[in-house]
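# Per-entry structural report
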Amino acid sequence: MRPDSPNRKPDSSEDPAMLALLALGWTLADGARADRLLALTGLDAEALRAGVDNPAILGAVLAFLADHEPDLIACAEAIDTSPAALIAAQERLNK
């Protein structure tokens, strides 16, 4: 498949929404971390479900990680990216 094909799978290193969704999945995989996300962002499970395509919600997930460097680093390692890529994705989503 050609790189410019409309059916190309998004490259998570280029797609801030994809990085945020991967980060959200990683965050929610741990109950205590998920509870902290909800408490600190003011979001609830319904808002997360409804906001998976909302750049502001996805940016809030990445901001949550950015505010706690150990989680930012662990998430980046788990989803095979860099902390800098997660921060860049957050900035792009919050534009």
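Above this text is the structure in question.
So, a few notes on the structure that sits alongside this text. (Residues numbered from 1 in each chain as written. Predicted model: local features only at pLDDT ≥ 70, side-chain atom pairs only at ≥ 80, totals over all residues. Heavy atoms only, no water.)

## Structural notes on the overall build of the chain
Worth spelling out the cut-off: Helix and strand definitions follow DSSP, with helices as H or I runs of at least four residues and strands as E runs of at least two, each counted in order from the N terminus. Only protein chains enter the accessibility calculation, which uses a 1.4 Å probe; a residue is then buried when its area is under 20% of its type maximum, exposed when over 50%, and partly exposed in between. Two residues form a contact once any of their heavy atoms are found within 4.5 Å.
When helices and strands are counted, the chain shows 6 helices and 0 strands. Each helix and strand of the chain, placed in order from N terminus to C terminus, yields the pattern α-α-α-α-α-α. The proportion of buried residues among the 95 residues of the chain is 34%. Within the chain, counting contacts between residues at least 6 apart in sequence, those at least 24 apart form 56% of the total.

## Observations regarding the packing of helix 1 (residues 16-28) against helix 6 (residues 83-93)
The description of two packed helices rests on the angle between their axes and on the distance between the axes. Put simply, the test is: Geometry is summarised by axes, namely lines fitted to C-alpha atoms with helices restricted to the contacting stretch, and by angles between N-to-C directions that run from 0 to 180 degrees. What makes a crossing left-handed is the near helix being turned counterclockwise from the far one by less than a right angle; a clockwise turn instead makes it right-handed. Put simply, Ala, Val, Leu, Ile, Met, Phe, Trp, Tyr, Cys and Pro go in the nonpolar bin, Asp, Glu, Lys and Arg in the charged bin, and everything else, Gly too, in the polar bin.
Viewed as axis vectors pointing N to C, helix 1 and helix 6 meet at an angle of 120°, and their least axial separation amounts to 9 Å. Judged by the twist between their axes, the crossing of helix 1 over helix 6 is left-handed. Of helix 6, the residues touching helix 1 (which contributes Pro16, Ala17, Leu19 and Ala20) are Ala85, Leu86, Ala89, Arg92 and Leu93. A class-by-class count of the residues in the contact of helix 1 with helix 6 yields 8 nonpolar, no polar and 1 charged.

## Quick look at the side chain of Asp71
Tracing the chain through its elements places Asp71 in helix 5 (residues 69-78). A residue is classified by how much of its surface remains accessible, and Asp71, at 10% relative accessible area, is buried.

## What about the nonpolar core?
Rule in force here: In these notes, a set of buried Ala, Val, Leu, Ile, Met, Phe, Trp, Tyr and Cys residues joined through side-chain atoms within 4.5 Å is what counts as a nonpolar core.
Grouped together as the largest cluster of nonpolar side chains are 22 residues, with contacts concentrated most on Leu19, Leu48, Leu62, Leu65, Cys75, Ile79 and Leu86. The element best represented in this core is helix 4 (residues 55-66), accounting for 6 residues.

## Some points on the pattern of salt bridges
When charged atoms on two side chains of opposite charge get close, those side chains can pair. Counted only if it meets this: By convention in these notes, a salt bridge is any Lys or Arg side-chain nitrogen within 4 Å of a carboxyl oxygen on Asp or Glu.
Inspection of every chain in the model, using the stated rule, returns 2 salt bridges. In this structure, the salt-bridge partner of Arg49 is Glu46, at a minimum N-O distance of 3.5 Å. Here Arg49 pairs with Glu46, and both are found in helix 3 (residues 45-50), just 3 residues apart, close to one helical turn. There is no split in this pair, since Arg49 and Glu46 are both exposed.

Purely spatial values, then, with no claim about function.
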